[in-house]
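Read off the chains here:
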Amino acid sequence: MPAHLSARLCSLALSLFLIAFALPAFAGPFEDAVAKFANDDFSDTEEAIGVVAGSGNKLAFPIISALQDSRLMADPDSKKVYVTGADGKSIDAATGEAVASVPDSASAVRLNNRLRRSVDAALGSLTLQSPDLSTRLQAAQSVFKSHEETALEAVDAALAKETNRSVKTALGEARAAILLFKSDATEVEKLEAVATLKARGDQEALALLTGMGDQPTSVTKAAASAIGSIQNSLAIWSMVQNAWYGLSLGSVLLLAAIGLAITFGVMGVINMAHGEMVMLGAYTTFVVQEVIRTRYPGLFDYSLLIAVPLAFLVAGAIGVLIERSIIRFLYGRPLETLLATWGLSLVLQQAVRTMFGPTNREVGNPSWMSGAFELGQITITYNRLWILLFTLAVFAILLAMLRYTALGLEMRAVTQNRRMAASMGIATSRVDALTFGLGSGIAGIAGVALSQIDNVSPNLGQSYIIDSFMVVVFGGVGNLWGTLVGAFTLGIANKFLEPVAGAVLGKIAILVLIILFIQKRPRGLFALKGRAVEA
Amino acid sequence: MTPHMLTRSLDRSATIFLAIVAACGILIPLSNLLLPANSFLQVPTYLVALWGKYVCYAILALSIDLIWGYCGILSLGHGAFFALGGYAMGMYLMRQIGTRGVYGNPILPDFMVFLNWQKLPWYWYGFDMFWFAALMVLVVPGLLAFCFGWLAFRSRVTGVYLSIITQAMTYALLLAFFRNDFGFGGNNGLTDFKDILGFNVQAEGTRAALFALSCLALIVGFLICRAIVSSKLGKVLIAVRDAESRTRFLGYRVESYKLFVFTVSACMAGVAGALYVPQVGIINPSEFAPGNSIEAVIWVAVGGRGTLVGAALGAVVVNYAKTFFTSGVLAPYWLFMLGALFILVTLLLPKGIVGTFNAWWDQSKEKRTAAAIASAAAEDGVTEPKMAEERS
């Protein structure tokens, strides 16, 4: 009997023991903290944030991020807290179990600005050790921005474990930012922090250093020198930025002007309908993409590659047609040609407006042309980069064509001396037609590229025509290198004037400068020399 | 201008032209004001304003013909001079609004109050006086043309290069006037005019008077152009047009001749703009658009380059067609027509309407004289008609 009794007692003790240990697991500090969200009291909420964030529980991240987006629902009656997902499914915040529905009495946990800051900090430290590299990097950067003292421990912990170099740098910078504003950090720590920020050297580091308030004199001194060096490096980067924008604008100008340079150089014809050839190229791209969208959606990334030869053919064929039907009757009367081609541009614009409607048509970017990457402190978008490379490629091909092919040779001969070339047996009228077709075709190709960065509307060409003229006139006729130099000079000058004078005044200044430049060199930068040009 | 010069400069078509313009200038305002509204012959006020606009365009076309038709300077920026004249007049009209503006500021025009400007910019001083504004209508375009021409002609910028930089000039002005802080009302321009010299701009009497004045300006402008082109200076201009280098080698200062005629032409365009603004009731930066200037050139080409009468005629014909077609069901096709007009006129009618007519008239006259000579010769028994025919 006693043995029986003792066994019973044992089992009782065991069950008591189990209960005693199981209960805290059910209502531990984490669950208590979660329940506090239901109190609808800002200081309770803050406490809860701290505890949850520090708990290491895997529910901590969903809870805090739900709190940030007002998706954390609390029921004041049952003290239950729920995380609602964007997909409408909800879980119990304390246990992580799925619940069918959140009771109607539950409402979103409210935040004020102070709490929002601690939510940001908590999220920052929670994600600092996430297994995903980009999440860690983002978290480190958000800690850098908020530089809340509370995050210091999390940063240190993360720093100790981190193996990736760029995340490590970001964490180090975040740590420096925190230390700089931490009142009880030592002078040595602060000096190190200043050095780290100096190494970072961007606008945000500058803002931190200038806004750090009262500091020991040695730190203030170090900060002053750091500010100076950051400002210098920022000035250099902004120059690089302007130069890049300038190159980008220059490539667009070059692309638009290069066809004009050929027709003007060889035939002395100002083709006012040149802009419309660019527009036709852009609309060809639109049509190609439409067909691909409806028939072969998988080919979308290749749409531009398909559009380039098509645009060349469409615009080139129309160019040859124009030359044969209008321009050849007007040789030797450049001013009349100008008027006739202007009329033609009106007709083409109106034709496109009738066919495609007056509004902008949407031309998409293939995946390899969208997005951007960072180079030092400037952002380079892929479409601008591709356009620059594409322009240079078109330029190189054209140059090679003029240099090494029979047609190129004939074109150069006609440019230099039409009558002499005719006497040597070159069929000048055939060369004229082909040249005009070539110039128009290149304008069409330009349209494919420009459709990626500009609105595809019937007025597309109009916005480029005057700029293209400026490039050709500035660069000089009969020399493609002149067009290249002209385009990039104008592009870069424009972008360097813009921050100083504003976009519109900068453009006006460029126009005035070109007008003055033409006075100095009436035939452009690289003028053809000799008697031929006077003809 | 001596009577002798006047008679010398007028041939038959010029006399007919002047008679028609003078008759319109007198009869249309009179019919508008004196005849009852339901009368068959009464010209309604909106037509007076519309034709007033055409007359202003005719003056602009005349000014372009003077430089293009007689001196070979194709300006694609003449709309800029027209608009500058218009802005000078518009500034006067703005200052006349006084306290009747929306904000009731006695000095500042509404748009400046709206932009929170405290005082009038210096370049608006003096525009409350009509004589000053009228002077500026001539001086501002004239000065710009003088500076521009001085630079361009001295360094022998010619042909399409000149055309392109004139286009750049008007484009730069377009961009500048679109800016609010430039002080000319930004893209809304100047509008809501109340009165001119104390007369209500909207009143029928004022409109009729403005129409008559525009006709008078057209007549005066025509006489000035005629005097220039039929003088010795005009002969030099034509020589410059046809062979610039040769004229220079003969010892003429080509750039001075060009500069003179370019400046005169710009002043005329300015006057046209100044008369245009009170009749249309608004001036805004779109007048600077390069397309407008090119369109003005086509008026001249249609009417007949180098005929003066043709320029005015072309302006009226093309603009009448524009009004007619853009207001009807054919509106979407107007740009096709305008574009085709550009192409067909340059291809098929290089001399324009008046030039082609003149050529035909001369030819038929020569044929008639040749026939007369032939018949006379036949009577005399001498065989000479072959030579006469060859000559024709």
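Residues numbered from 1 in each chain as written. Chains lettered and ligands numbered in written order. Predicted model: local features only at pLDDT ≥ 70, side-chain atom pairs only at ≥ 80, totals over all residues.

Ranked by internal contacts, the top residues of the largest apolar core, which has 199 residues, are I59, L60, A61, L62, V297 and I298 of chain B. Within the second largest apolar cluster, 58 residues are counted, among which are I64, A122, L123 and V194 of chain A. (Core = buried A, V, L, I, M, F, W, Y, C linked by C-beta atoms within 7 Å. Buried ≥ 20, exposed ≤ 12 C-beta atoms within 10 Å, placed from the backbone.)

This part covers the packing of helix α12 (residues 274–294) of chain A against helix α19 (residues 462–475) of chain A. All names here are of chain A. The contact between α12 and α19 brings their axes to 8 Å, and the two run at 130 degrees. Between α12 and α19, the angle is such that the two are oblique. Considering how the two elements wind past one another, α12 and α19 form a crossing that is right-handed. Together, H274, G275 and V278 of α12 and Q462, Y464, I465 and S468 of α19 make up the contact between the two elements. (Axes fitted to C-alpha atoms, helices over the stretch in contact; angles between N-to-C directions. Helix = DSSP H or I, 4+ residues; strand = E, 2+ residues; numbered from the N terminus. Parallel < 35°, antiparallel > 145°, perpendicular 65-115°, else oblique. Left-handed = near helix turned anticlockwise from the far one by under 90°. Contact = placed C-beta atoms within 7 Å.)

A few words on the interface of chain B and chain A. With 37 residues of chain B in contact, the opposing surface of chain A contributes 33 residues. Going through the elements one at a time, α6 (130–154), α7 (159–178), α12 (290–303) and α14 (334–348) of chain B are the ones with two or more residues in the side of chain B that touches chain A. By residue number, the principal contributor to the side of chain B that touches chain A is α7 of chain B, which donates 13 residues. Taken together, the residues of the side of chain B that touches chain A break down into 29 nonpolar, six polar and two charged. (Nonpolar A, V, L, I, M, F, W, Y, C, P; charged D, E, K, R; others polar.)

Right, let's talk about the UniProt feature "transmembrane region" (unreviewed entry) in chain A for a bit. All names here are of chain A. UniProt marks residues 243–270, 302–322, 334–352, 385–406, 427–449, 469–493 and 500–518 with the feature "transmembrane region" (unreviewed entry), using the numbering shown here. The distance separating the terminal C-alpha atoms of residues 302–322 is 30 Å; by composition the span is 95% helix and 0% strand. Here residues 427–449 is 96% helix and 0% strand, with 33 Å between the C-alpha atoms at its ends. (UniProt positions renumbered as here; feature names shortened; annotations may be inferred.)

Time to look at the pairing of strand β7 (residues 378–381) of chain A. Residues and elements named next belong to chain A. Across four bridges, the pairing between strand β6 (residues 372–375) and β7 is antiparallel. Looking at the pairing, F373 lines up with I380 of β7. Counting the residues between successive antiparallel strands, the hairpin from β6 to β7 contains two residues, one of them, G376, with a positive phi of roughly 60 degrees. (Pairing = 2+ DSSP bridges.)

What follows concerns the domain arrangement of chain A. As far as domains go, chain A holds domain 1 (128–215) and domain 2 (238–534). If you average the C-alpha positions of domain 1 of chain A and of domain 2 of chain A, the two centres end up 49 Å apart. (Domains from an automatic or database assignment.)

Moving on, we get to the domain arrangement of chain B. Residue and element names in this part refer to chain B. Segmentation of chain B into domains returns domain 1 (3–350) and domain 2 (351–392). Summarising the inter-unit geometry, the C-alpha centres of domain 1 and domain 2 are found 40 Å apart. Taken together, the 13 residues of domain 1 in the interface contact seven residues of domain 2. For the side of domain 1 that touches domain 2, the secondary structure elements donating two or more residues are α12 and α13 (309–326). Looking at the side of domain 1 that touches domain 2, the element that brings in the most residues is α13, giving four residues. Its residues assigned to classes, the side of domain 1 that touches domain 2 shows seven nonpolar, five polar and one charged.

Take the pairing of strand β1 (residues 72–75) of chain A next. Residue and element names in this part refer to chain A. As paired strands, β1 and strand β2 (residues 80–84) are joined by four bridges and run antiparallel to one another. Bridging from a neighbouring strand, L72 pairs with V83 of β2. Counted between consecutive antiparallel strands, the loop separating β1 from β2 contains four residues, among which K79 sits at a positive phi close to 60 degrees. Summarising the sheet, β1 and strand β5 (residues 107–108) pair through two bridges and their orientation is antiparallel. Each residue of the ladder has a partner; that of A74, found in β5, is S107.

To continue, consider the packing of helix α11 (residues 217–267) of chain A against α19 of chain A. Residue and element names in this part refer to chain A. Running from N to C, α11 and α19 point in directions that differ by 65 degrees, and their axes come no closer than 8 Å. Viewed along their axes, α11 and α19 form a crossing whose handedness is right-handed. Along its contact with α11, which presents L253, A256, A257, L260, A261 and F264, the element α19 presents Y464, D467, S468, V471 and V472. For the contact of α11 with α19, the per-class residue count stands at nine nonpolar, one polar and one charged.

All names here are of chain A. Position of K36 relative to the elements: it lies in helix α2 (residues 29–36). A tally of 23 C-beta atoms within 10 Å means that K36 is categorised as buried. Along the sequence, K36 and F390 sit 354 residues apart, while their C-alpha atoms lie 61 Å from each other. Beyond its immediate stretch of four places on either side in the chain, K36 contacts D44, T45, E47 and A48.

Let us now look at unusual backbone geometry. Residues and elements named next belong to chain B. Despite not being glycine, R156 has its phi angle at roughly 55 degrees, a positive value. As for its placement among the helices and strands, R156 is situated in the loop between α6 and α7. What makes R156 partly exposed here is the crowd of 17 C-beta atoms within 10 Å. A positive phi angle, near 50 degrees, is found at L197, a position not held by glycine. Within the secondary structure, L197 sits in the loop between β2 (195–196) and β3 (199–200).

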